[in-house]
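# Summary of structural features
Below, each chain spelled out in residue letters.
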Amino acid sequence: MSEIVWQKSSFSGSNAGGSCVELARGAAGLRHLRESDDPGSILVTDVEKLNCFLLAIKAGECDYLL
C-alpha cells in the first residue's frame, strides 16, 4: 500500500502549526479529507461527492453550521 500524500489548503496560510484542511488522492479514485488538528480522523469519499460538498460550501449552503 502506498503512503498517502496530503495537500494543505491554500487558505490555511503559512503557519505550519496552524489548523488546516488537507486533501489526498486515494486508490480507485477516492479522495481523503482531514483536519490537521486531528490527522487520525479521515473522511473518505469519491470525487463526485467531494465536488458537490465543495460547491455547497462555496455557495454558502453550510454557513448555518458556523
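Keep in mind the model is a prediction, meaning the values are calculated, not measured.

About the thresholds
- Residues numbered from 1 in each chain as written.
- Predicted model: local features only at pLDDT ≥ 70, side-chain atom pairs only at ≥ 80, totals over all residues.
- Heavy atoms only, no water.
- Helix = DSSP H or I, 4+ residues; strand = E, 2+ residues; numbered from the N terminus.
- Expected span 1.5 Å × (residues − 1).
- Polar contact = N/O pair within 3.5 Å; in protein donor to acceptor, adjacent residues only side chain to side chain.
- Contact = heavy atoms within 4.5 Å.
- Patch = residues over 30% accessible without salt bridge, like charges linked within 9 Å, V, L, I, M, F, W, Y side chains within 5 Å.
- Areas by Shrake-Rupley, 256 points an atom, 1.4 Å probe, with all protein chains shown as cover.
- Salt bridge = Lys/Arg side-chain N within 4 Å of Asp/Glu carboxyl O.
- Buried < 20%, exposed > 50% of the residue type's maximum accessible area, 1.4 Å probe, protein only.

### Comments concerning helix α1 (residues 47-58)
For α1, with twelve residues, the first-to-last C-alpha span of 16 Å sits near the 16 Å given by 1.5 Å per residue. Capping of α1 at its N-terminal end is provided by Asp46; its side-chain oxygen lies 3.2 Å from the backbone amide nitrogen of Glu48.

### As for the environment of Arg25
Following the sequence through the fold, Arg25 ends up in strand β2 (residues 21-25). For Arg25, the contacting residues outside a window of four places in its chain are Leu30, Arg31 and His32.

### Quick look at unusual backbone geometry
Even without glycine at this site, Ala28 takes up a positive phi of about 55°. Along the polypeptide, Ala28 turns up in the loop between β2 and β3 (30-35).

### Focus: a nonpolar patch on the surface
Together, Leu30, Ile42 and Val44 give the surface a local cluster of nonpolar side chains, amounting to about 210 Å² of exposed area. Its location among the elements puts Leu30 in strand β3. Classification of Leu30 by relative accessible area gives partly exposed; the value is 32%.

These results come straight from atomic positions and should not be treated as a statement about function.
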